[in-house]
Amino acid sequence: MKDSFMHSLKPLVLATALAVACFAASAASNPGDRVYTADQNTNMVSVIDPNTNTLLGQIKLGNQRPDVLSPIYKGEINVHGLGFSPDHRTLVAIANGSNSVTFIDTATNKVKGVTYVGRSPHEAFFTRDGKEVWAVVRGENYVSVIDAKTFKEKRRIETAPGPGMVLFTPDGGRAFVVSSFTPEVVVIDTRSYRIVKRIPVVSPFSPFLQFTPDGKEVWMGHKDVGKVTRIDVKSMRVTGVIDTGFITNHLGFARTSRGTLAYVAVGGENVVKVYSTDGEAKLLDTIATGALPHGVWPSDDSERMYVGLENGDAVQVIDTASDKVVATVPIGQAPQALVYVSNAVPSGAGTGNLKPLTNAVPVNIPLMPDSGDAKGFVVARNFGVVDALELFLYKLKPETVYSIYVGDQKVPVASFKTNPMGMANGTAIGEIREVTRLQSEANPKTASIVVIEGDGPMDAAKVVLRSPM
C-alpha cells in the first residue's frame, strides 16, 4: 500500500491514544511475586513487579509480527496461554501459532524446554502434584498430557472438538475442561484419564474457567453470547447462568469485606463487572478499564485484581476494596492470558534474561453503525517497519464479505468474510510513509474508516460501520 495507515490516522492518534501512567498501589506484595502476560503480537511474556507495578522486562519467545513468516523461522508464534507449577518455579507459555508449550524458569526467566503438540493449543496447567502439564489442543479434539520433568507428551485424552481450557479440583482428582467449539464441559478423572461427566452448557465458545476460592464452584465465560455459567463441582451440574455482556473474557475471584466477589472482564464494553457469589449472583459494580480487557487474575491476598488490556497493550490494577483502577502498566502487544505467581523469584532481583519494552502505544478507534446492531472497532499498531490495522467486526450478516476503506483510498485495505455468527476479525498491514513527509504536512486531514458490505468499489449506500467524525 502506498499510504501509511498510521499517517492517515495521525489525528486520531492524538485524540484517542491511551494515556499510560504508573502509580504505586496501596497493597504490598512479596518481593518475589510476579505478574505475567502472554503478548500475542510481539511473542513475548511480559514480567511485572506487583510491588511497584512496573514492567521489569520481557521474556522473548519469538519475533514480533509480521517477522514470523520465514520458512526457516524457529521462534514461537502467537504466544497466548499461561499456567504455572504448584511450587511457582515454572511458568508454561502456550503459542497457538507454533503449537508449542514452553517451560520457563521463573527465577532466571530462561527457557527450560519446549514441547510441540497438535494444532493450535490454547491453555495449559500443571496437575496439583506438579508431575504433569495438561495442554488443551483447541484446533483438534484432545488434551495433551506432558511429563513436567522430561517435557515429553505421555498420552492424549480425547474430547469433543475444541477443548478451550483445563483446571483441576483442589484435591487434584478431577479436571474440568471447557470447550471453544462444543457446548459442553467435560470432567475427567485424573487417575484413569477417563471422562466421567459431560455437562451441557449454554453456548459452544468458552475460552476460560476458574474455581471459586472454596473450590465448590466452577465459573466459565461464554465469549460468543456474553454470559457466565456457574457449575457445582460436587454434583457437576449447572446452577446458574449470568448475562454479563458483549465479549465476556476471563474472570477472577477476590475475598473481600463484602464477601467473595467475581471480577469479570467484559471486553466489548471496556469494563470489569463485579458480582456477588453467594446465592444468586448480583451485579455490584462496573469498573471502567482501557481497551478490551481480557486476562484477569487476583493477587494471593485478594487485595488487587490484575487485568490485561488486549487492545490497550497494558495491565491495569484494580484495588478490590474500592473497586478503582490504581495503576496502569505498559507491556507488549495484545496481551491474552494473565497470571499472578507469588514467590516466583525466591531470591535476588529476578531480572536476568529480560528484554526491554519496544512497542509503542496503540490507537483504538470505535466503529459506529449507520443503522442496525452492527458493532466493531479497530486497533492501529506499529509493527516496526510496517503498520497494522487490526479489525474486529460483530453482529453483521453471516457468511458475507465486508470491505474496509481508510481515508480517501480508492481500494479497500482489507476484505473479510464473516462466520456463521456474523463475526470477523483480521489484520491488514501496510507501509510507513517517509518521515520527511510526516513532518512537512502541516494540516493533515482527519482520516475516516468505513466498512461496506461486499467487495466492490466504495459505495456510501453500502456503509454499515464508520469511525466517529
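Every value quoted in this text rests on a predicted model; they were computed, and no experiment measured them.

1. Quick notes on a nonpolar patch on the surface
Move 1: Taken together, the side chains of Val-202, Val-225, Val-238, Val-241 and Met-421 define a hydrophobic patch exposed on the protein surface, amounting to about 380 Å² of accessible area.
Move 2: Residue placement: Val-241 occurs in strand β19 (residues 237-243).
Move 3: Of the residues examined, Val-241 reaches a relative accessible area of 44% and is grouped as partly exposed.

2. Points about the pairing of strand β24 (residues 293-298)
Move 1: Buried residues dominate β24, accounting for 6 of its 6 residues.
Move 2: When β24 meets strand β25 (residues 304-309), the two strands line up antiparallel, connected through 4 bridges. Across the sheet, residue Val-296 finds its bridge partner in β25, namely Val-307.
Move 3: Where β24 folds back on β25, the antiparallel hairpin that results is connected by 5 residues, among which Ser-302 adopts a positive phi of roughly 70 degrees.

3. A closer look at the sheet that holds strand β22 (residues 271-276)
Move 1: Taken together, the 4 strands give an open sheet; going across it, the order is β20-β21-β22-β23, and neighbouring strands pair in antiparallel fashion. Two strands lie at the open edges of the sheet, namely β20 (248-256) and β23 (283-288), each paired on one side alone. For this sheet, the mean inter-axis angle between neighbouring strands, taken without regard to orientation, is 20 degrees.

4. Quick word on the side chain of Arg-230
Move 1: With respect to the helices, strands and loops of the structure, Arg-230 is situated in strand β18 (residues 227-232).
Move 2: In terms of polar contacts, Arg-230 uses its side chain to reach the backbone carbonyl oxygen of Thr-277, at 2.7 Å.
Move 3: Arg-230 has contacts with Glu-217, Val-218, Trp-219, Arg-237, Val-238, Thr-239, Gly-240, Ile-242, Thr-277, Gly-279, Glu-280 and Ala-281, leaving out every residue within four places of it along the chain.

5. A look at the packing of aromatic side chains
Move 1: Enumeration according to the criterion identifies 13 aromatic pairs in this entry.
Move 2: A ring pair is formed by Phe-103 and Phe-151, whose centres lie 4.5 Å apart and whose planes are at 40 degrees; its orientation type is tilted. Of the two residues, Phe-103 sits in strand β6 (residues 100-105) while Phe-151 sits in the loop between β10 (142-147) and β11 (153-158), which places them 48 residues apart along the sequence. For the pair Phe-103 and Phe-151, one class covers both residues: buried.
Move 3: Here the aromatic residues Phe-246, Phe-377, Phe-392 and Tyr-394 are joined through ring pairs into a cluster of three or more.
Move 4: Between Lys-395 and the ring centre of Phe-246, over which it is positioned, the NZ or CZ distance is 5.7 Å.

6. Quick look at the domain arrangement of the protein
Move 1: Annotation of the protein at the domain level lists domain 1 (34-355) and domain 2 (363-466).
Move 2: Domain 1 and domain 2 are separated by 30 Å when their C-alpha centres are compared.
Move 3: Facing the 15 residues of domain 1 at the interface are 14 residues of domain 2.
Move 4: Carbon and sulfur atoms make up 59% of the surface buried where domain 1 meets domain 2, a total of about 1100 Å² over both sides.
Move 5: When residues of domain 1 are sorted by the area they lose upon contact with domain 2, Pro-66, Phe-246 and Asn-311 head the list and together hold 42% of the total.
Move 6: Seen at the junction of domain 1 and domain 2, the total is 1 salt bridge.
Move 7: Counting across the domain 1 and domain 2 interface gives 5 residue pairs in polar contact (both at pLDDT 80 or more).
Move 8: The residue inventory of the side of domain 1 that touches domain 2, partitioned by class, reads 6 nonpolar, 5 polar and 4 charged.

7. Here we look at the sheet that holds β6
Move 1: Reading across the sheet, the 4 strands line up as β4-β5-β6-β7 and stay open at both edges, with antiparallel pairing between neighbours. Edge positions in the open sheet fall to β4 (79-84) and β7 (111-116), since each of these has one partner strand only. Each strand axis lies, on average, 20 degrees off the axis of its neighbour in the sheet, ignoring direction.
Move 2: Relative to β7, β6 is paired through 5 bridges, and the arrangement is antiparallel. Bridge pairing in β7 places Phe-103 opposite Gly-113.

Cut-offs applied
- Residues numbered from 1 in each chain as written.
- Predicted model: local features only at pLDDT ≥ 70, side-chain atom pairs only at ≥ 80, totals over all residues.
- Heavy atoms only, no water.
- Patch = residues over 30% accessible without salt bridge, like charges linked within 9 Å, V, L, I, M, F, W, Y side chains within 5 Å.
- Areas by Shrake-Rupley, 256 points an atom, 1.4 Å probe, with all protein chains shown as cover.
- Salt bridge = Lys/Arg side-chain N within 4 Å of Asp/Glu carboxyl O.
- Helix = DSSP H or I, 4+ residues; strand = E, 2+ residues; numbered from the N terminus.
- Buried < 20%, exposed > 50% of the residue type's maximum accessible area, 1.4 Å probe, protein only.
- Pairing = 2+ DSSP bridges.
- Axes fitted to C-alpha atoms, helices over the stretch in contact; angles between N-to-C directions.
- Polar contact = N/O pair within 3.5 Å; in protein donor to acceptor, adjacent residues only side chain to side chain.
- Contact = heavy atoms within 4.5 Å.
- Phe/Tyr/Trp six-rings, centres within 6.5 Å; stacked < 30°, edge-to-face > 60°.
- Lys NZ or Arg CZ within 6 Å of the ring centre and 35° of its normal.
- Domains from an automatic or database assignment.
- Buried area = accessible area lost by both parts, 1.4 Å probe.
- Nonpolar A, V, L, I, M, F, W, Y, C, P; charged D, E, K, R; others polar.

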